[in-house]
Amino acid sequence: MYRSLLFFVSARLRRRGLLAGAGLLLACSARLAQAAPPTDDSLYQAWGGKAGIRAVMDDFVPRLYADARMAPFFKGVDPEHLGAQLTEQLCQEAGGPCRYTGASMKLLHADLNIQRRDFLALVEILQQAMVAQGIPFRAQNRMLARLAPMHRDIISETNEAPAAR
Ligand code: HEM
């Protein structure tokens, strides 16, 4: 499931000429729900620190709410709170001086019945926001590599098609 998801994301984005898929696949080859902690803050710096991450989230969150595939999931969710929590989380994932103190990915997404295609749609939208905010190519891929393993805690296991495993 894990490898096929990454191949799918990579192939999709590569078709759009936007991603060097090999880097993402290599970086994500571990079968872990949580990527190992970052060893330095180079990704954080490449994103322009917390302000840079916040700028991408301020671009990303409205795109999510405007997307017909995503909007039903986010009905009634406070966009300001979502943006702030995502900023903390990505800041931490990038090796920045932040601590994400929100609920676990598993708990937050447990009742949402999120499918593989939903996860991929969110990645696609995030990618659009990163491009719009001028995040360097390699830094886009490095962040995606940190987020991709979370699919194990986010996608609803009970509804996955056997072929996707
Ligand atoms: C790597 C991918 C993802 C990450 C890093 C992520 C991260 C987060 C974080 C940090 C929150 C907490 C926000 C808060 O406390 O208000 C959250 C909430 C939420 N996420 Fe995700 N998420 C991901 C994928 C998805 C997907 C694919 C969907 C749906 C298609 C989704 C739907 C939601 C919804 C609806 C909430 C609000 C839950 C609530 O307030 O009860 N997320 N997510």
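One can find the structure itself at the top, above this paragraph.
What you see is a predicted model, and the numbers here were worked out from it, not measured in a lab.

1. Overview of the packing of helix α4 (residues 49-66) against helix α5 (residues 79-93)
Moving on, step 1. One can describe the packing of α4 onto α5 by two numbers: an axis separation of 9 Å at closest approach and a directional angle of 135°. Here α5 runs oblique to α4, going by the angle between their axes. The element α4 and its partner α5 pack so that their crossing is right-handed. Contact residues: α4 offers Lys50, Ile53, Arg54, Met57, Asp58, Val61 and Tyr65, while α5 offers Pro79, Leu82, Gly83, Leu86, Thr87, Leu90 and Cys91.

2. Points about helix α7 (residues 116-132)
Moving on, step 1. Here α7 contains 17 residues, and its C-alpha end-to-end distance of 25 Å stays within 8% of the 24 Å for a straight helix at 1.5 Å per residue.
Moving on, step 2. Listing the buried residues of α7 in full gives Phe119, Leu122, Leu126, Gln127, Ala129 and Met130. Along α7, the residues classed as buried sweep out an arc of 160° about the axis, all on the same side.
Moving on, step 3. Of the residues flanking the end of α7, it is Gly134, one or two places downstream, whose phi is positive at about 75°.

The rules behind the values
Residues numbered from 1 in each chain as written. Predicted model: local features only at pLDDT ≥ 70, side-chain atom pairs only at ≥ 80, totals over all residues. Axes fitted to C-alpha atoms, helices over the stretch in contact; angles between N-to-C directions. Helix = DSSP H or I, 4+ residues; strand = E, 2+ residues; numbered from the N terminus. Parallel < 35°, antiparallel > 145°, perpendicular 65-115°, else oblique. Left-handed = near helix turned anticlockwise from the far one by under 90°. Contact = placed C-beta atoms within 7 Å. Expected span 1.5 Å × (residues − 1). Buried ≥ 20, exposed ≤ 12 C-beta atoms within 10 Å, placed from the backbone. Arc of directions from axis to C-beta.

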